[in-house]
Amino acid sequence: MACHVHETQEEAFLVLSGTLHVETPAGECVVSAGSMFAAQLDSPHRAYNPDDAEGSVSVVAIGAPSVDDVAPSDPAE
C-alpha cells in the first residue's frame, strides 16, 4: 500500500496498544502505545502494522473535518 494524502482533512492516530508504524517522505515513525501521530493536510503518510510485528496494534484514527478526501500520494511530486 502506498502513501496517501488528505486535501482537506487532518488525521490523528492514537495508539491504544502495540506499536504503529507510519511511513512518511521524511522516514518511518514508530508510535508506541499511549502516543499519537498527527498527519497535517497534504502530508503523505501510510500507517501500518508490519508483517513481522510481534503482535497486533490497536489504534483510534480520527479525521477532521468529516470528509472523504483520501488521494494517492505521487512520490514524484
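Everything below is about the structure printed above this text.
Just so it is clear, the model here is predicted, and its values are computed rather than measured. (Residues numbered from 1 in each chain as written. Predicted model: local features only at pLDDT ≥ 70, side-chain atom pairs only at ≥ 80, totals over all residues. Heavy atoms only, no water.)

Draft legend 1. Quick peek at the sheet that holds strand 4 (residues 27-32). Taken together, three strands build an open sheet; the order of strands is 4-3-6 and the sheet is antiparallel. Bordering the open sheet on either side are strand 4 and strand 6 (46-48), each of which pairs with just one other strand. Between one strand and the next, the sheet's axes are offset by a mean angle of 20°, whatever the strand orientation. Pairing between strand 3 (residues 19-24) and strand 4: six bridges, direction antiparallel. (Pairing = 2+ DSSP bridges. Helix = DSSP H or I, 4+ residues; strand = E, 2+ residues; numbered from the N terminus. Axes fitted to C-alpha atoms, helices over the stretch in contact; angles between N-to-C directions.)

Draft legend 2. Here's a closer look at the environment of Gly63. Secondary-structure assignment places Gly63 in strand 7 (residues 58-64). On the accessibility criterion, Gly63 (32% relative accessible area) is partly exposed. Along the primary structure Gly63 and Ala12 are separated by 51 residues, whereas in three dimensions their C-alpha atoms are 6.4 Å apart. If we skip the residues at most four places from it in the chain, Gly63 touches Gln9, Glu10 and Glu11. (Buried < 20%, exposed > 50% of the residue type's maximum accessible area, 1.4 Å probe, protein only. Contact = heavy atoms within 4.5 Å.)

Draft legend 3. Representation of unusual backbone geometry within the structure. Look at Asp42: it is not a glycine, yet its phi comes out positive at around 60°. Within the element layout of this structure, Asp42 appears in the loop between strand 5 (36-39) and strand 6.

Draft legend 4. Spatial organisation of the side chain of Thr24. With respect to the helices and strands, Thr24 occurs in strand 3. By relative accessible area, which is 17% here, Thr24 ends up buried. Polar side-chain contacts of Thr24 include one of 2.8 Å to the backbone oxygen of Gly27. Apart from the residues within four sequence positions on either side, Thr24 is in contact with Phe37 and Pro44. (Polar contact = N/O pair within 3.5 Å; in protein donor to acceptor, adjacent residues only side chain to side chain.)

Draft legend 5. Structural detail: the pattern of salt bridges. By the definition in use, this model includes one salt bridge. A salt bridge links Glu23 to Arg46, with the nearest nitrogen and oxygen atoms 2.9 Å apart. With Glu23 in strand 3 and Arg46 in strand 6, the pair connects residues that are 23 residues apart, well separated along the chain. In this structure Glu23 comes out as partly exposed when scored by relative accessible area, which is 31%. For Arg46, a relative accessible area of 16% corresponds to the buried category. (Salt bridge = Lys/Arg side-chain N within 4 Å of Asp/Glu carboxyl O.)

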